[in-house]
Every structure is written in C-alpha cells, then in structure tokens.
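This is what each chain is made of:
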Amino acid sequence: MAIAKRVSVVDQTADLVAHVDALDWPQITAELDSQGCAVLKSLLTPDQCRAIAALYPDDAHFRSRIVMGRHGFGRGEYKYFAYPLPDLIAQLRPTLYAHLQGIANRWNEAMGIDIRYPATHAAFLKRCHEAGQARPTPLLLQYEAGDYNCLHQDLYGEHVFPLQVAILLSEPGRDFTGGEFVLTEQRPRMQSRAEVVPLAQGDAVAFAVHHRPVQGTRGTYRVNLRHGVSRIRSGRRHTLGVIFHDAK
C-alpha cells in the first residue's frame, strides 16, 4: 500500500524540471535580494498539492512527527520525510537548488562569509553527510483551527544552505482561512520589519533561512530573518517545506 501511494505522488514529475526552469528567475532573484523572499507562482499543480498532502496520515513516508506545543514551537504538527523521498520532492530539491546556489554564493561573498556551495545538490548533501548531517529535512506541516507556527529558523547543524522553500498545498478560502506566511527581518540598531506573503494553492515562497546581505549607505550589512505562520482561523492547512541541508 505504501508503495502505491508513493508512486501516485510522482505521476506528474516528468515536466517538473522544465517548469521550474521556466519560472521568472531574474524577477525571483531581484525580490530575494530586495526583500529576502520571493513567490514562485504555481510551482505545483492542484493535483500534485493534494497528492502530497494526502501522504500525511501514512507514517511509512516519515522518519519523525513533531507536535509543536510540546516544544514551544506554536500549535500544530509536522512530519519529516524519510529517505528515499517521494520522487516529486526528491526532484524539487536539486532542481530548485540549481537556481538558488548562485544567489547563496553571492550573498555569502557580500557578507564576508567564506563558505561556498557546490554546483549540484548531491555534492552539497555529500558535504552534509560527511559532517554527520544525514537525516532528511523536507517536511509536511499540518495546521488546524487555532494553530500557528512561532517565528524560527531551520538550521539543523553546522552546514546550512541559506535559502529554503515552502509550498502551500491547501487552497485559501476553501480549505482554511488565516494562516498567512510571515517573515520578520531584524535590522541592526533598527526596529524589526515584518513581511506577510500571500500565497495561492501551489504557490511557493523562497526565503532566507538565517540572514541576508543588505546594501546600506556605509556598505553591506547583515540582517537576521525568522519565519512563521499566523493563526489558522478555520479549516486545515498543509504546507511542504523544502530545506536543502540535512540534519544531525
């Protein structure tokens, strides 16, 4: 039964690489540079969204389940996928990484950080695994009415890829209300800035995991970012989180 479900998720993966490549990456890059986040419109189809969300009850796909309230993370729960990942998710990671890797390297150079990221996701995962970060981090989140996710950063170990992607699998207004994606930016010696990112079903938001460079009047400086989800007013919300580094 688990094998049949896994196959059902990957029926539409053949054109995924071409679809991701066809996104407006110059605009996405410009928004990431200026705002620390960017929307990837219609990254997944409604059928793909529903198929991934339908995996949530089947623990055969996952390595662990986290109930947020037990750890002070908010309210709601999520599950980390186990290896091997469902094919669609396994394809998304290297395909998105290929477009984000150059941005990550340019950001590190601007912030004076010596770390550089290899051209392929496989090479970066090899670096993670050799350092003991071998547990997969893609996750499926489930929120019910009243649930929320506190502002946080997904770091997981020494090796951190500085960008990640969250994909809304549910349809706002039909499946749930509330539950907006929220990003805050803590600027040196200034008050924090909040960004609320509206998403439709299948839209993704790419955003900074930890920090990003900002050009100021006296040169480039770092700003620290955290992300979360506002309170769900009604219904149920599922999100797929695509994190590119693995965990200890």
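This text goes with the structure placed above it.
Since this is a predicted model, take the numbers as computed values, not measurements. (Residues numbered from 1 in each chain as written. Predicted model: local features only at pLDDT ≥ 70, side-chain atom pairs only at ≥ 80, totals over all residues. Heavy atoms only, no water.)

Enquirer: Teacher, can you tell me more about the overall build of the protein chain here?
Expert: Within the protein chain, the secondary structure is distributed over 6 helices and 14 strands. Taken against the 2.2 N^0.38 rule, which gives 18 Å for 248 residues, the C-alpha radius of gyration of the protein chain at 17 Å falls within 12% of a compact globule. Projecting the C-alpha coordinates of the protein chain onto the three principal axes gives extents of approximately 60 × 40 × 35 Å. A burial count over the protein chain gives 50% of its 248 residues as buried. Long-range pairs, those at least 24 residues apart, make up 78% of the contacts in the protein chain with a sequence separation of at least 6. Of the charged side chains in the protein chain, 28 are positive and 25 negative, and the gap between their average positions amounts to 7 Å. (Helix = DSSP H or I, 4+ residues; strand = E, 2+ residues; numbered from the N terminus. Rg over C-alpha atoms; globule rule 2.2 N^0.38 Å. Buried < 20%, exposed > 50% of the residue type's maximum accessible area, 1.4 Å probe, protein only. Contact = heavy atoms within 4.5 Å. Lys, Arg positive; Asp, Glu negative; His and termini not counted. Charge placed at Lys NZ, Arg CZ, Asp CG, Glu CD.)

Enquirer: Explanation requested: the environment of Ser34 in the structure shown.
Expert: Residue placement: Ser34 occurs in helix H3 (residues 25–35). Separated by 181 residues in the primary sequence, Ser34 and Gln215 place their C-alpha atoms 9.3 Å from one another.

Enquirer: Can you walk me through the environment of Leu96 in this structure?
Expert: Considering the arrangement of structural elements, one finds Leu96 in helix H5 (residues 87–110). Taking relative accessible area as the criterion, Leu96 reaches 0% and is therefore assigned buried. Beyond its immediate sequence surroundings of up to four residues, Leu96 is in contact with Val20, Trp25, Leu40, Leu43, Val165 and Phe244.

Enquirer: Help me out: how do you make sense of the pattern of salt bridges in this one?
Expert: Opposite charge on two side chains makes pairing possible when the charged atoms of those side chains draw close. On inspection of all chains with the given rule, the structure shows 14 salt bridges. A salt bridge links Arg93 to Asp246; the nearest nitrogen and oxygen atoms lie 2.8 Å apart. Note that Arg93 is positioned in helix H5 and Asp246 in the segment after strand S14 (232–242), a separation of 153 residues in sequence. Comparing Arg93 with Asp246 shows no difference in burial state: the two are buried. Glu130 is paired through a salt bridge with Lys126; the nearest N and O atoms lie 2.5 Å apart. Highlighted residues: Glu130 and Lys126, both in helix H6 (residues 121–130), separated by 4 residues, approximately one helical turn. No difference in accessibility class separates Glu130 from Lys126, as the two residues are exposed. Beyond isolated ion pairs, a larger network of salt bridges with shared partners links Glu185, Arg193, Glu195 and Arg212. (Salt bridge = Lys/Arg side-chain N within 4 Å of Asp/Glu carboxyl O.)

Enquirer: When you look at the side chain of Arg237 in this model, what are you seeing that I'm missing?
Expert: Its place among the elements puts Arg237 in strand S14. For the buried Arg237, no salt bridge exists, and the shortest N-O distance to an oppositely charged side chain is 7.8 Å, to Glu180. Engagement of the side chain of Arg237 in a polar contact is seen with the side chain of Thr239, the distance being 2.6 Å. (Polar contact = N/O pair within 3.5 Å; in protein donor to acceptor, adjacent residues only side chain to side chain.)

Enquirer: Please explain helix H4 (residues 46–53) as it appears in this structure.
Expert: One turn of the α-helix equals 3.6 residues, which is why residues spaced by three or four share an orientation. Within H4 the residues assigned to the buried category are Gln48, Cys49, Ile52 and Ala53. Buried residues of H4, seen end-on, are gathered within an arc of 130 degrees and therefore sit on one face of the element. (Arc of directions from axis to C-beta.)

Enquirer: Honestly, the packing of aromatic side chains in this entry has me stumped. Any pointers?
Expert: Working definition: an aromatic ring pair is given by the centre-to-centre distance plus the angle between the planes. Applying the stated criterion across every chain, the model contains 12 aromatic pairs. Each residue in the set Tyr97, Tyr117, Phe124, Phe161 and Phe244 is aromatic and connected to the rest through ring pairs, giving one cluster. Looking at Arg63, its charged tip hangs above the ring of Tyr80, at a distance of 4.4 Å from the centre. One residue, Lys79, lies across the ring of Tyr56, its end atom 4.5 Å from the ring centre. (Phe/Tyr/Trp six-rings, centres within 6.5 Å; stacked < 30°, edge-to-face > 60°. Lys NZ or Arg CZ within 6 Å of the ring centre and 35° of its normal.)

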